[in-house]
Amino acid sequence: MALLIILFTLLGGITLSAQSSINGTFSRKAGTIETTFLTFITGTAFLTIVIIFFGSGNILEILQAPKWQLSAAFLGTAYLLLSVMAVSKIGVIATTITGIIGQLVIGMVIDNFGWFGSLVIPLDLKRIFALLFMMIALYFIYKGNKRSSEEI
């Protein structure tokens, strides 16, 4: 089961990078906010159909959720909007790895303190080195992007 979850997550990462690339290109013509809007309105239509046919919960429970939990919707919107802006400026790989570094940083903080009811996983040297290596990778990827854009 764990392998299946890893494969699904890998597939999610693949689709996220493809979406970022397509949205970055599309936003040059339609606009960043308009592109983000199209993504969310399409997602809303798709998920409405999924809920109708496969939903197992009660959609009205959203109204009972603590307000701080509803903030996740705004965080997702901000992430997509910022990613669409970044792809057209620094490219897909630099945008993706920068997003991953941001996720690692906040993920390590959340894990360390057990925020939001998550598992407590203390920050250790291995995690710090992993983050450092990701930052080094970003440096080389970004420098490679600048060199490629200067050659064109």
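Coordinates for the structure precede this section.
Undergrad: With reference to specific residues and values, describe the pattern of salt bridges.
TA: Scanning the entire structure with this criterion turns up 1 salt bridge. Where Asp111 meets Arg127, a salt bridge forms, and the shortest distance between an N and an O atom there is 3.2 Å. With a gap of 16 residues between them, Asp111 in helix α4 (residues 92-113) and Arg127 in helix α5 (residues 125-151) connect regions that are remote in the sequence. Taking relative accessible area as the criterion, Arg127 reaches 22% and is therefore assigned partly exposed.

Undergrad: Outline a nonpolar patch on the surface, listing residues and values.
TA: Residues Leu123, Leu125, Ile128, Phe129, Leu132, Phe133, Ile136, Tyr139 and Phe140 make up a contiguous nonpolar surface patch of about 920 Å² in total accessible area. As for its placement among the helices and strands, Leu132 is situated in helix α5. Accessibility expressed as a relative area gives 41% for Leu132, which makes it partly exposed.

Undergrad: So, helix α1 (residues 2-30): which residues are in play, and what are the values?
TA: Helical geometry: 3.6 residues make up each α-helical turn, so side chains three or four residues apart lie on a common side. Over its 29 residues, α1 runs 40 Å from end to end, which matches the ideal 42 Å to within 8%, given 1.5 Å per residue. Buried-residue contacts for α1 involve α2 (32-54) and α3 (67-90). Looking at the residues trailing α1, positive phi occurs at Gly31, about 105 degrees.

The rules behind these values
Residues numbered from 1 in each chain as written. Predicted model: local features only at pLDDT ≥ 70, side-chain atom pairs only at ≥ 80, totals over all residues. Heavy atoms only, no water. Salt bridge = Lys/Arg side-chain N within 4 Å of Asp/Glu carboxyl O. Helix = DSSP H or I, 4+ residues; strand = E, 2+ residues; numbered from the N terminus. Buried < 20%, exposed > 50% of the residue type's maximum accessible area, 1.4 Å probe, protein only. Patch = residues over 30% accessible without salt bridge, like charges linked within 9 Å, V, L, I, M, F, W, Y side chains within 5 Å. Areas by Shrake-Rupley, 256 points an atom, 1.4 Å probe, with all protein chains shown as cover. Expected span 1.5 Å × (residues − 1). Contact = heavy atoms within 4.5 Å.

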